[in-house]
Amino acid sequence: MPPRTRAVPTGRAEVAPGPVPGPVRPTPAELAQAYGRTIPDLIAPDLDVLFCGINPGLYSAAIGRHFGRPGNRFWPALHRGGFTPRLLGPTDQAELLGYGLGITDLVERATARADELTPEELAEGGRRLLAKVRRHRPAWVAVVGVTAYRVAFDRRRAALGRQPEGIGGAGLWVLPNPSGLNAHYTPDRLAETFAELRAVVHAGRGERARSGETLHSGS
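Residues numbered from 1 in each chain as written. Predicted model: local features only at pLDDT ≥ 70, side-chain atom pairs only at ≥ 80, totals over all residues. Heavy atoms only, no water.

Participant: Which residues make up the overall build of the chain, and what are the values?
Facilitator: Secondary structure assignment for the chain yields six helices and five strands. Sequence-ordered secondary structure for the chain, helices as α and strands as β, is α-β-α-α-β-α-β-α-β-β-α. Here the chain holds 219 residues, and 45% of them are scored as buried. Once local pairs closer than 6 in sequence are excluded, the contacts in the chain between residues at least 24 apart make up 73%. Total accessible area on the chain is roughly 11,200 Å²; 55% of this is exposed by carbon and sulfur atoms. (Helix = DSSP H or I, 4+ residues; strand = E, 2+ residues; numbered from the N terminus. Buried < 20%, exposed > 50% of the residue type's maximum accessible area, 1.4 Å probe, protein only. Contact = heavy atoms within 4.5 Å. Areas by Shrake-Rupley, 256 points an atom, 1.4 Å probe, with all protein chains shown as cover.)

Participant: Requested: an account of the packing of aromatic side chains, with residues and values cited.
Facilitator: In this structure the tally under the stated criterion is eight aromatic pairs. Between Tyr149 and Phe153, the aromatic rings sit 5.1 Å apart at their centres with planes inclined by 35 degrees, giving tilted as the arrangement. For Phe153, a relative accessible area of 19% corresponds to the buried category. Among the aromatic side chains, those forming a connected cluster through ring pairs are Phe51, Phe67, Phe74, Trp75, Phe83 and Phe194. (Phe/Tyr/Trp six-rings, centres within 6.5 Å; stacked < 30°, edge-to-face > 60°.)

Participant: Talk me through the pattern of salt bridges; I want residue IDs and the actual numbers.
Facilitator: Tallied over the full model, the rule gives 13 salt bridges. Residue Asp115 pairs with Arg113 through a salt bridge whose shortest N-O separation is 3.0 Å. Owing to a relative accessible area of 58%, Asp115 belongs among the exposed residues under this scheme. Ionic pairing is found between Arg127 and Glu124, a salt bridge with its closest N-O pair at 3.0 Å. A residue pair is termed a helical-turn pair when its members lie 3 or 4 positions apart in one helix, as Arg127 and Glu124 do in helix α4 (residues 119–136) at three residues. Owing to a relative accessible area of 37%, Glu124 belongs among the partly exposed residues under this scheme. (Salt bridge = Lys/Arg side-chain N within 4 Å of Asp/Glu carboxyl O.)

Participant: A description of the sheet that holds strand β1 (residues 49–53) should follow, citing residues and the corresponding values.
Facilitator: Taken in spatial order, the five strands line up as β2-β1-β3-β5-β4 in an open sheet, and their pairing is mixed. This sheet does not close on itself; its edge strands, each paired only once, are β2 (101–105) and β4 (161–167). Mean inter-strand twist for the sheet, computed between neighbouring axes without regard to direction, equals 25 degrees. Looking at chain direction, β1 and strand β3 (residues 140–144) are connected through four bridges and run parallel. (Pairing = 2+ DSSP bridges. Axes fitted to C-alpha atoms, helices over the stretch in contact; angles between N-to-C directions.)

Participant: Account for the pairing of β4, naming residues and giving values.
Facilitator: Pairing of β4 with strand β5 (residues 170–175) involves four bridges; the strand directions are antiparallel. By the bridge assignment for β5, Arg162 is matched with Trp173. Hairpin connection of β4 to β5: two residues between the antiparallel strands, including Gly168 at a positive phi of 55 degrees.

Participant: Now, about the nonpolar core: what can you tell me, with residues and values included?
Facilitator: Formed by 47 residues in total, the largest nonpolar core has its most connected members in Val49, Phe51, Leu78, Leu106, Leu129, Phe194 and Leu197. Sorting the residues of this core by element identifies β1, α3 (74–80), β2, α4, β3, α5 (146–152), β5 and α6 (187–217) as the ones contributing at least two each. (Core = buried A, V, L, I, M, F, W, Y, C linked by side-chain atoms within 4.5 Å.)

Participant: Which residues make up the pairing of β5, and what values go with them?
Facilitator: For β5, a buried count of six out of six residues is recorded, marking the element as mostly surrounded by other parts of the structure. Two strands pair when backbone bridges link them, and β3 and β5 are joined in this way by five bridges, in the parallel orientation. Bridge pairing in β5 links Val143 to Val174.

Participant: Residues and numbers for α4, please.
Facilitator: Over its 18 residues, α4 runs 26 Å from end to end, which matches the ideal 26 Å to within 8%, given 1.5 Å per residue. When α4 is considered as a whole, its buried residues turn out to be Leu122, Gly125, Gly126, Leu129, Lys132, Val133 and His136. Viewed along the axis of α4, the buried residues span an arc of 125 degrees, placing them on a single side of the element. Summarising the geometry of α4, the exposed residues directed more than 90 degrees from the buried face are Glu120, Arg127, Arg134 and Arg135. Those residues of α4 hidden inside the fold are in contact with β1, β2, β3, α5, β4 and β5. Trailing α4 by a residue or two, Arg137 shows a phi angle of about 60 degrees, which is positive. (Expected span 1.5 Å × (residues − 1). Arc of directions from axis to C-beta.)

Here it is in structure tokens:
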């Protein structure tokens, strides 16, 4: 399906085969200085999916891009799952808005590891995410990391996939953490989980379009 028409930056460059593209690799000193930094949300009203990471890693914070570390499998899974027509990388993140996609984080501050975050921070992040969803009205929210989701929303037995409770009027889905450290999911399996969400998003978009046509024809 072609991307929705949106105002996005021009001058897109094709991604050559090989590793996910990214800015110049930060130095150890730059990584150390990235502790506590934040990355602006990539967000707009009425998105199809707002992806929500746990918090920025030092590499991402140093380059100012979401899912920035070269070993992070978010971008390949996004492409192989059917959300983007070509493989994007961190430097291409603004293009996601043209496909009805956005990115935010539960916790804004960057750390070396997600386990440095406190339960209180994650719970506050869940409340902040709820406020963003109510303000920007995405159709779906996809939290990337089931352990963080369980803590942030006090859903101790939550499993991956669609969540029954929703969030702020949006559908709610939990995806695996795409970090290369998550050995439980191969690249193929990770792509499959993204594709499962994509299928539901695609079906929901069709339902909304048919509903809109019916309402229009009867007005």
